[in-house]
Amino acid sequence: MDSILRGLATYFFLLLIFRISGKRALAEITTFDAVLLLIISESIQQALIDGDESMTNSFLLVLTLIGVNVLMQFLGTRSTKVDKFLNDVPLLLIEDGHIHQDRLKRVRVTEDDILEQARAQFGVERLDQIKYAVLERSGGISAIPKYVSWANPEVSNKVAESPS
Amino acid sequence: MAMERIGDIELSQDLDYQRRSWIAQRVGWIFFGLLMVAAFAGFLGAGPFSAATAGEGTPLQVQYGRFVRHRAPVEMKIAVQPGAVQGEEARISVNREYLEQVEIQNVVPEPDSVETAGDRLTYVFKVANAGEVNKLTFNFMPITIGQHEVRVGLEGGPEHTFKQMIYP
């Protein structure tokens, strides 16, 4: 029973701390984040096993962690509230070309971050070429440039009209 | 999740929820900040507010930690003041109830003998010179959690009672 309680306490503590840290906490893992992650797992490991190095204990812990995660995911598909608590909601950072500076500040994202993603995804050159930028639930950023045909009907018409 | 159309984009954005979650995040940061301050101060383990002495100014002084942690080493330092011991033995008793909550790692100096009597164990130490301060150290490892009462006494002298909180 101890193992299960320890597993549950650890799961919900980590869930809480990562939800409080915000979406961007570990969205893009830098070298330092990877090191941090290792240290976190190392520190939590001691509390998790509590000196009991038996196979039964480790299997029970894995079972508890995976089990509660599956259960939470299942509850998330049943209830919007649980889903929002677990996964958060997406947020528009650039809306129809307008940059929501207040939101950028809140979620600790810079214009550079958005541009970087837009460059990587669509080869976008400038911020004003981005129509929408979304901070996804995973913490990643998706950018939709203005010149993508489906984002801008005018462009798609021009493409259709242009002689091949 | 309900999709909402914002301009040309379909997104399950929920600004109300977002705002509430930002507030919750703030509250969370403040809470964890306070927790860190409490930890620094010693409310969650070793630190200035945890270090305490029972029986100051009496023949038996006990230095202990008010807040200790499960499976983390704990020290209890006992000082027997000059003249408190008659003869060559210092007899220090600790309540059995507390000793069942901890594992005794070692006692320095090693007691000459240990006697059991009812609800307490009495550690008998040889004293070479009763005219000076005799210091003893008990090293424990808490194996349960919760608040426990500790009673430490000197035979022929005072007995001190204090509480120790063991965090998980």
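Reading the values: rules and limits
Along each chain, residues carry numbers from 1 onward, in the same order as the chain's sequence is written. Whichever chain is written first becomes A and whichever ligand is written first becomes 1, with later ones labelled in order. Reporting of local features is limited, given that this is a predicted model, to residues whose pLDDT is at least 70; pairs of side-chain atoms are given and counted only at 80 or more, and all residues count toward the totals for whole chains, interfaces and linings. Calculated side-chain values reflect all of the structure's heavy atoms, with hydrogen atoms and water omitted. Note on conventions: DSSP H or I runs of at least 4 residues are helices, E runs of at least 2 residues are strands, and numbering of each starts at the N terminus. Two N or O atoms count as a polar contact when they lie within 3.5 Å, although within protein this holds only if one can serve as hydrogen donor and the other as acceptor, and sequence-adjacent residues are included solely when both atoms are side-chain atoms. Throughout, a residue-residue contact means that at least one pair of heavy atoms, one from each residue, lies within 4.5 Å. Two parts placed together each lose some accessible area under a 1.4 Å probe, and adding up what both lose gives the buried area. Think of a salt bridge as a Lys or Arg side-chain nitrogen and an Asp or Glu carboxyl oxygen that are within 4 Å of each other. Amino acid classes used here: Ala, Val, Leu, Ile, Met, Phe, Trp, Tyr, Cys and Pro are nonpolar; Asp, Glu, Lys and Arg are charged; the rest, including Gly, are polar. For every residue, the accessible area (1.4 Å probe, protein chains only) is compared with the maximum for its type, and the residue is labelled buried under 20%, exposed over 50%, or partly exposed between those bounds. The axes used here are C-alpha line fits, helices contributing only the stretch in contact, and every angle between their N-to-C directions lies in the interval 0 to 180 degrees. By the definition adopted for this analysis, an angle is roughly parallel if under 35 degrees, roughly antiparallel if over 145, roughly perpendicular if from 65 to 115, and oblique otherwise. Crossings are classed by handedness, with left-handed meaning an anticlockwise turn of the near helix from the far one by less than a right angle and right-handed meaning a clockwise turn. In this analysis, rings of Phe, Tyr and Trp, with Trp reduced to its six-membered ring, are considered paired at centre separations within 6.5 Å, and the interplanar angle assigns stacked below 30 degrees, edge-to-face beyond 60, and tilted for intermediate values. Comment: the charge-over-ring label is applied if NZ (Lys) or CZ (Arg) is within 6 Å of the ring centre and within 35 degrees of the ring normal. For every residue, the predictor states its confidence as a pLDDT score lying anywhere from 0 to 100.

(A) Examining the side chain of B:Asp14 more closely. With respect to the helices and strands, B:Asp14 occurs in the loop between β2 (9-11) and α1 (15-41). In this structure the side chain of B:Asp14 is engaged in a polar contact, spanning 3.0 Å, whose partner is the backbone nitrogen of B:Tyr17. Not counting chain neighbours up to four residues away, the residues in contact with B:Asp14 comprise A:Lys84, A:Val89 and A:Pro90.

(B) Focus on the interface of chain A and chain B. Contact with chain A, which involves 29 residues of that partner, is made by 21 residues of chain B. Taken together, both faces of the contact between chain A and chain B bury some 2200 Å²; the carbon and sulfur share is 61%. Three residues stand out in chain A for area buried against chain B, namely A:Ile20, A:Lys84 and A:Arg106, and they jointly supply 27% of the buried area on that side. The interface formed by chain A and chain B holds 3 salt bridges in total. The salt bridge partner of B:Asp14 is A:Lys84, with a shortest N-O separation of 2.4 Å. Applying the counting rule to chain A against chain B returns 8 residue pairs in polar contact (both at pLDDT 80 or more). If you tally residues by element for the side of chain A that touches chain B, the top one is helix α1 (residues 2-21) of chain A, at 6 residues. Of the residues in the side of chain A that touches chain B, the class split is 14 nonpolar, 3 polar and 12 charged.

(C) Examining the side chain of A:Ser3 more closely. Note on placement: A:Ser3 falls in helix α1. Residue A:Ser3 is classed as buried on the basis of its relative accessible area, which comes to 7%.

(D) Seen up close, the packing of α1(A) against α1(B). Interaxial distance between α1(A) and α1(B) falls to 8 Å at its minimum, and their mutual angle equals 115 degrees. The angle between α1(A) and α1(B) places the two elements in the roughly perpendicular class. The hand of the α1(A)/α1(B) crossing is left-handed. Contact with α1(A), carried on its side by A:Phe13, A:Leu16, A:Ile17, A:Arg19, A:Ile20 and A:Ser21, involves B:Tyr17, B:Gln25, B:Gly28, B:Trp29 and B:Phe32 of α1(B) and no other residues of that element. A breakdown of the residues in the contact of α1(A) with α1(B) according to their chemical character gives 7 nonpolar, 3 polar and 1 charged.

(E) Molecular detail of the packing of aromatic side chains. This structure, assessed with the given rule, holds 11 aromatic pairs over all chains. For the ring pair B:Tyr64 and B:Phe162, a centre distance of 3.7 Å and an interplane angle of 20 degrees mean the geometry is stacked. Remark: B:Phe162 occurs in strand β13 (residues 159-167) and B:Tyr64 occurs in strand β4 (residues 60-65); sequence separation between them is 98 residues. Accessibility expressed as a relative area gives 11% for B:Tyr64, which makes it buried. Residue B:Phe162 is classed as buried on the basis of its relative accessible area of 6%. Grouped by ring-pair contacts, the aromatic residues B:Tyr98, B:Tyr123, B:Phe125, B:Phe138 and B:Phe140 constitute a single cluster. The lysine or arginine in question, A:Arg19, covers the ring of A:Phe85, its NZ or CZ lying 5.9 Å from the ring centre.

(F) Molecular detail of the confidence of the model for chain A. For chain A, per-residue confidence averages 85 on the pLDDT scale, and residues scoring 70 or more make up 88% of the total. Confidence, expressed as mean pLDDT per element, reaches its minimum in chain A at helix α7 (residues 153-161) of chain A with 57 and its maximum at helix α3 (residues 55-78) of chain A with 93.

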